[in-house]
Each structure stands twice: as structure tokens, then as C-alpha cells.
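Fold and contact review
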Amino acid sequence: MILLASCNPHPGFDETESGIFKRLDQFGDCSPSLSDADYFIAEIKYASIQRPDSGYQFQLHHHALHKQSAAIKDTDPPGLRLLNELDSIHCGDRYTFIIPFSEIDNCYLSAFADTSSFKPDEEMEFSIHVLKTFTENEYASYLMHAAQQQEMEESEAIELLLMNDTEFNFEKHGDCFIQYLDNATSDSILPGKEIRIQYNTFLLDQKRLDSITEMQFTFGKPGQVVGGLQYGLSFLTAHDHARIYLPSYLGFGESGNSSGLIPPRTPIFFEVEVVEVR
């Protein structure tokens, strides 16, 4: 009698060329794939095989994987194996991997975890279910509509959009978010100073609502600009170019504006250039 034994230490999983194990749990046929998407939303779950009660589960919003792969390719090879496997996944797909923790830790997917609780070579069962993939404009529209439908707070929608924008930094001041396009670090804007600004108004999905407007006024005097814009300007200096993101209650009101151009519960942003402070 001949006994045939499998050398696969993880039955039900296929070993990839890179030496990690994966299993397809659910097939989805949505487009685009993660390698082509600008943004994605996924449910992430992972735990140590030896300590299954040590795991984490969360929903992740993130920018494109191909950007992340390029960023770590030359600096952090551990983690690249997992990213290369994820490149071919489409929205709707659910995969489970058996990988050392270093693969998760080095490709950002360890979000919300206390990484000190896992050893780099500890075997993990890692699951990813891709819920949605987006182009850049689609993602901004998704967040705006989720805020309008009260599926998430407006400030959360703004923060998710900005934290996944790798091109520009932003600051958070309460529910006011400032993304600097050009930070001059010049004369501060203080109450009583005369300032001149140029600005446009946009919805969160980047729909522009007006032509460029220039105005001069005494800063701090009430009734000249909406309260959220005045508050945001207090963090700028002369010659700054920035976007000031506001939930509706700091902008034109939770009911929208009277003309109907801004719908209810819609985050907005002003793109502002501080021309002069004197």
C-alpha cells in the first residue's frame, strides 16, 4: 500500500511563486482591479494562527496600491510580496492569505493594531474583502453622497478624502480642515488687519460653484464671509494658497443655500489665495 502525503502545510491554500499561501473565498467581477483603482474600500481581518483571539477587524479606506508598491519597492521588500498578490484582486473579491506578520506590517495593512503584540515571523491568517474601487473623482463623489445621506459624518468624509491624498499635507482645526497648496509663512492674518483674497467655492466632489472672486475686507469684522471661511483664514498668512474644507454647519448651513446650488448636509471647500495682508 502506498501512502500519499501532501507537503502543503496549509490545506485549502495555494502556494504562490513568492512563497506565501492564498485562498479565494469569494469571487467578484467588478472593475477596476486594485492595481488600476485610485482608491478602494476593503474589510480587513487578521489574527495569529497560534493565537486566533489576538486579531483585528476593520474597514479600510486607502489610496491606490500601485502608489504604495512604488513607495516601498526600494526601501522595504517585506510587504511587497503581499502587495503584488493584491494587485490582481477586483472589487467583490475576498481572499485569505497565510503570511508572516512582517508582510502585513510593512505594507500599511496593520492599521489599528498594536504591532508590538506580534513577532515579525509570526504566521498570520490575513483576509481582505474588497467592497468598492474608485477613480479619484468617483471616490470624492462617494464620500460626498455618503455625508448627504448621513451614512457618515461630514467631517469624517472630509478627513477620509484628505488623509488619502498623498500630494498635499493638511491640518485639522476642530471640524475645519486646511490643505496647503503653497505655504508662504508670511504676515499673519489677525483681527483688524486689512486683507485681500481671491477664492472659488467647490463641493466636496470638486464641482466648482462660482467664478474666481476677489474681495478686500477688515478681518474679524462679522458678516463679511461665512464663519468657517473666516476661521480657516486665521491659520493662513500672506501669499498662502490653500483649500479650506468645511462641513455644512460651518459653511452655508445644514439645509444648503437658498438658491439650491448647495444641497443639504454637503461639505464644501474654498480654494483661497491670500493676496495681501496689511
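Here is a short report on the structure shown in this document. Quick caveat, the model's predicted, so the values are computed rather than measured. (Residues numbered from 1 in each chain as written. Predicted model: local features only at pLDDT ≥ 70, side-chain atom pairs only at ≥ 80, totals over all residues. Heavy atoms only, no water.)

Examining helix α4 (residues 136–148)
Keep this limit in mind: For the purposes of this entry, the term helix denotes a DSSP run of H or I that reaches at least four residues, the term strand denotes a run of E that reaches at least two, and both are numbered from the N terminus. Expected span, for any helix, means 1.5 Å times one less than how many residues it has. Residues are treated as being in contact if the distance between any of their heavy atoms lies within 4.5 Å.
In this model α4 runs 19 Å from its N-terminal to its C-terminal C-alpha over 13 residues, within 8% of the 18 Å that 1.5 Å per residue would give. For α4, the secondary structure elements touched by its buried residues are β3 (39–48), β4 (56–63), β6 (123–134), α5 (154–163) and β9 (194–203). Note on α4: the residue one or two positions beyond its end, Gln150, has a positive phi of about 60°.

Topic: the sheet that holds β6
Rule in force here: By definition, two strands form a pair when at least two bridges between them are found by DSSP.
In space, the six strands of this open sheet follow the order β1-β2-β5-β6-β3-β4, with antiparallel pairing throughout. Of all strands in the sheet, those with a lone pairing partner are β1 (14–15) and β4, marking the two edges. Taken together, the seven bridges between strand β5 (residues 94–100) and β6 define a ladder with antiparallel strand orientation. Considered in β6, the bridge of Tyr95 is made with Ile128.

Some thoughts on the layout of surface pockets
The test is simple: Space inside and on the surface of the protein is sampled on a 1 Å grid over the protein atoms alone, with a cavity defined as a set of points where a 1.4 Å probe fits but cannot get out and a pocket as an open set with protein on both sides within 12 Å along at least 5 of 7 lines; lining residues have an atom within 4 Å of a point. Grid points are joined across faces, edges and corners, and a volume is the space filled by probe spheres set on the points. Residues were grouped as follows: Ala, Val, Leu, Ile, Met, Phe, Trp, Tyr, Cys and Pro as nonpolar; Asp, Glu, Lys and Arg as charged; and all remaining residues, including Gly, as polar.
Approximately 190 Å³ is the volume attributed to the largest pocket. Together, Ala147, Gln150, Met152, Glu153, Glu154, Ser155, Asp175, Pro247, Ser248, Tyr249, Glu254 and Arg265 line the largest pocket. Residue composition of the lining of the largest pocket, grouped by class: four nonpolar, three polar and five charged. If you add up the space inside the second largest pocket, you get close to 160 Å³. As for the second largest pocket, its lining consists of Tyr39, Glu136, Leu161, Leu162, Asp165, Glu167, Phe168, Gln179, Gln206, Arg243 and Tyr245. Among the secondary structure elements, those contributing two or more residues to the lining of the second largest pocket are α5 and β11 (241–246). In terms of residue class, the lining of the second largest pocket is built from five nonpolar, two polar and four charged.

Some remarks on the packing of aromatic side chains
Here is the rule: We call Phe, Tyr and Trp rings a pair once their centres come within 6.5 Å, taking the six-membered ring for Trp, and we label the pair stacked below 30 degrees between planes, edge-to-face above 60, and tilted otherwise. Residue exposure (1.4 Å probe, protein chains only): buried if accessible area is under 20% of the type maximum, exposed if over 50%, otherwise partly exposed.
One pass over the structure, following the stated rule, counts 17 aromatic pairs. Seen in terms of ring centroids, Tyr46 and Phe58 are 6.4 Å apart; in terms of plane orientation they differ by 90°. Their pairing is edge-to-face. Of this pair, Tyr46 sits in strand β3 while Phe58 sits in strand β4, and the two are twelve residues apart along the sequence. No difference in accessibility class separates Tyr46 from Phe58, as the two residues are buried.

Structural notes on the nonpolar core
Nonpolar side chains in soluble globular proteins tend to be buried together. Inclusion rule: Grouping buried Ala, Val, Leu, Ile, Met, Phe, Trp, Tyr and Cys residues that are joined through side-chain atoms within 4.5 Å yields what is termed a nonpolar core.
Ile197, Leu233 and Leu236 are the most contacted members of the largest nonpolar core, which has 47 residues in total. Dropping the residues within four chain positions of it, Leu233 is found in contact with Ile189, Ile195, Ile197, Phe217, Phe219, Ile244, Val272 and Val274. With 25 residues, the next largest nonpolar core counts Leu60, Tyr95, Phe101 and Met124 among its residues.

Details of the sheet that holds strand β12 (residues 268–277)
Backbone hydrogen bonds hold the strands of a sheet together, and the pairing may be parallel or antiparallel. What counts, and what does not: To obtain each axis, a line is fitted to C-alpha atoms, and for helices this fit is confined to the stretch in contact; angles are then taken between N-to-C directions over 0 to 180 degrees.
The antiparallel open sheet is built from six strands, whose spatial order is β7-β8-β11-β12-β9-β10. A single partner strand is all that each edge strand has here, and the edge strands are β7 (170–173) and β10 (213–218). The mean angle between the axes of side-by-side strands here comes to 30°, regardless of whether they run parallel or antiparallel. Here β11 pairs with β12 via six bridges, running antiparallel. Across the sheet, Arg243 pairs through a bridge with Glu271, a residue of β12. Its contacts with the sheet place α5 against β7, β8 (176–182) and β11, and it is angled at close to 25° to β8.

Considering the side chain of Asp240
The condition is simple: The charged-residue count follows a simple rule in which Lys and Arg add positive charge and Asp and Glu add negative charge, with His and chain termini not counted at all. A pairing counts as a salt bridge when a side-chain nitrogen of Lys or Arg comes within 4 Å of a carboxyl oxygen of Asp or Glu. N or O atoms closer than or at 3.5 Å make up a polar contact, with two conditions inside protein: a donor-capable atom paired with an acceptor-capable one, and, for residues adjacent in sequence, both atoms drawn from side chains.
Topologically, Asp240 is positioned in the loop between α6 (227–233) and β11. Here Asp240 sits buried without a salt bridge, and the closest side chain of opposite charge, Lys193, lies 12 Å off (N-O distance). Here the side chain of Asp240 touches Ala184 through a polar contact of 2.6 Å, landing on its backbone nitrogen. Of note is the side chain of Asp240, whose polar atom sits 2.8 Å from the backbone nitrogen of Thr237. Contact partners of Asp240, with chain neighbours within four places excluded, come to Tyr180, Asp182, Asn183, Ala184, Thr185, Val272, Glu273 and Val274.

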